[in-house]
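# A look at the structure
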Amino acid sequence: MTSSEHHEPEPLTLSMPRIVPQAEVEAAQDAVREDSNPAKVDREAIRALERRLLGSERTLRRREVAAGAGVSLLSARKLWRALGFPNLGDEDVAFTQADLEALTTIIDLVRDERLTEEAAISITRSIGQMTDRMVVWQVEALVEEMVHQLGITDAEARKRLVTELPDLIEPLEKVLLYSWRRQLNAGVARLTVRAEAGLGAAGEHDDDSLPLLRAVGFADLVSYTSLSRQMNEKTLAQLVQRFENRCAEIISVGGGRLVKTVGDEVLYLASTPHAGAEISLALAKAMADDDLLPSARVGMVWGGIVSRLGDIYGPTVNLASRLTSLAEPGTVLVDSTTAATLAGDERFVLMPQKVRTIRGFGEIHPVTVAHGRGTGLIVD
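From a predicted model like this one, the values you see are computed outputs, not experimental measurements.

## Regarding the layout of surface pockets
Space inside the second largest pocket adds up to approximately 1,100 Å³. What lines the second largest pocket is a set of 23 residues, among which Glu144, Ala237, Gln238, Gln241 and Asn245 lie closest to the centre. Among the elements that take part in the lining of the second largest pocket, helix H10 (residues 233–253) stands out by supplying ten residues, more than any other. A per-class count over the lining of the second largest pocket returns nine nonpolar, six polar and eight charged.

What follows is the structure, given as structure tokens:
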């Protein structure tokens, strides 16, 4: 082969699947075949992994940890419950020095009056709930990859994961901290943008108003219920995952936030009505253009909300949900107030629909939003 015929291997990118070498696949399968009891878990490997994750052996009881942090057992238990820890008895040796240090860190924020006790519990609960969901998600993703790439069973993959995890702890931890800092910075940037745009809180001039002004949107898949009856569990899971991934990507590129996914529906936020409209139109178009997904209905409302524990509440959220159910497949529907905020912007075409009566809201004047001038939201 001449030098001109020599080609360097293409670099691995996020859009390219990892190709597992055949030797690695065969080694994994040989290890499974040679295992006299593939269902038996290596207890010593689990203990070693626990020591790695917790920092040391468990040597402390709950009262010892509470006393070390200088708080009552009741106060300590409030924080442990917020983190999602199970109840433990007085004689259970379940804690390490790292648990004592973590509890002390949270308590010191209250002692130093940087947080009230209520705020400390709320923030602790946010960490517990988000990391719990994150860990479940990551474990399932790793198991699915091993099943697919190595051709082993689910049970075998879960057993193998115990030995694979130690090499992943440090890089995953680094990415987690990096992402948290970036997300916190993005949150601060959104506050600045809103202030400069004059989009202050709804309650600045009215104490009875809901405190946050946001564009709230829902997108749900058409005919999801009937599709779910025709698909097996694996195919349905792949459809939902594809839908969520596409939505998360579009919402992120549009500067919004994915609040949550519930089966066939996503709930999202944007800091301005125009950003919300761009995201909504992009979501409707993406689903319509995807041959593997059904069309989506999208509803969006600009108004006041209450945010608690990462979720959002209020009449604005309820109205957006109702509009979603009224929208035609592949379209975006807003209320007349939201439409008024978009009027005059050449990026959007507004088409009033017939008056509808919605329980709890009375008569509303829905408006369909379509693309006007410009390219719309581009997801490259």
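Okay, back to it.
## Topic: the nonpolar core
The biggest cluster of nonpolar side chains holds 35 residues, and the ones touching the most others in it are Tyr268 and Leu283. Counting only elements with at least two residues in this core, the list comes to strand E1 (212–221), H10, strand E3 (265–270), helix H11 (273–289), strand E4 (296–308), strand E6 (332–334), helix H13 (336–342) and strand E10 (367–371). Here the element with the most residues in this core is H11; it accounts for eight residues. Grouped together as the second largest cluster of nonpolar side chains are 18 residues, Leu60, Leu79, Trp80 and Phe95 included.

## Let's talk about the environment of glutamate 145
With respect to the helices and strands, glutamate 145 occurs in helix H6 (residues 117–150). Assessed through its relative accessible area of 36%, glutamate 145 is described here as partly exposed. Along the sequence, glutamate 145 and alanine 157 sit twelve residues apart, while their C-alpha atoms lie 8.8 Å from each other.

## Let's talk about the confidence of the model for the protein
Confidence in the prediction of the protein, expressed as mean pLDDT, is 84, and 84% of residues score 70 or more. Mean pLDDT across the elements of the protein ranges from a minimum in helix H1 (residues 22–34), with 55, to a maximum in E6, with 97. Contacts of residues 1–17 to residues separated by more than four positions or lying in other chains number five contacts, the stretch itself having pLDDT below 50. Low pLDDT, under 50, characterises residues 201–209; the stretch is placed with eight contacts to residues that sit more than four places away or in other chains.

## Things to note about the environment of glutamate 156
Mapping glutamate 156 onto the fold places it in helix H7 (residues 154–164). In this structure glutamate 156 comes out as buried when scored by relative accessible area, which is 19%. Glutamate 156 sits 13 residues away from valine 143 along the chain, and the two C-alpha atoms are 9.1 Å apart. Of the polar contacts made by the side chain of glutamate 156, one reaches the backbone nitrogen of threonine 153; its length is 2.8 Å.

How each quantity is defined
Residues numbered from 1 in each chain as written. Predicted model: local features only at pLDDT ≥ 70, side-chain atom pairs only at ≥ 80, totals over all residues. Heavy atoms only, no water. 1 Å grid on protein atoms, 1.4 Å probe; cavity = no way out; pocket = protein on both sides within 12 Å on 5 of 7 lines; lining within 4 Å. Points joined across faces, edges and corners; volume = space filled by probe spheres on them. Helix = DSSP H or I, 4+ residues; strand = E, 2+ residues; numbered from the N terminus. Nonpolar A, V, L, I, M, F, W, Y, C, P; charged D, E, K, R; others polar. Core = buried A, V, L, I, M, F, W, Y, C linked by side-chain atoms within 4.5 Å. Buried < 20%, exposed > 50% of the residue type's maximum accessible area, 1.4 Å probe, protein only. pLDDT = per-residue confidence, 0-100. Contact = heavy atoms within 4.5 Å. Polar contact = N/O pair within 3.5 Å; in protein donor to acceptor, adjacent residues only side chain to side chain.

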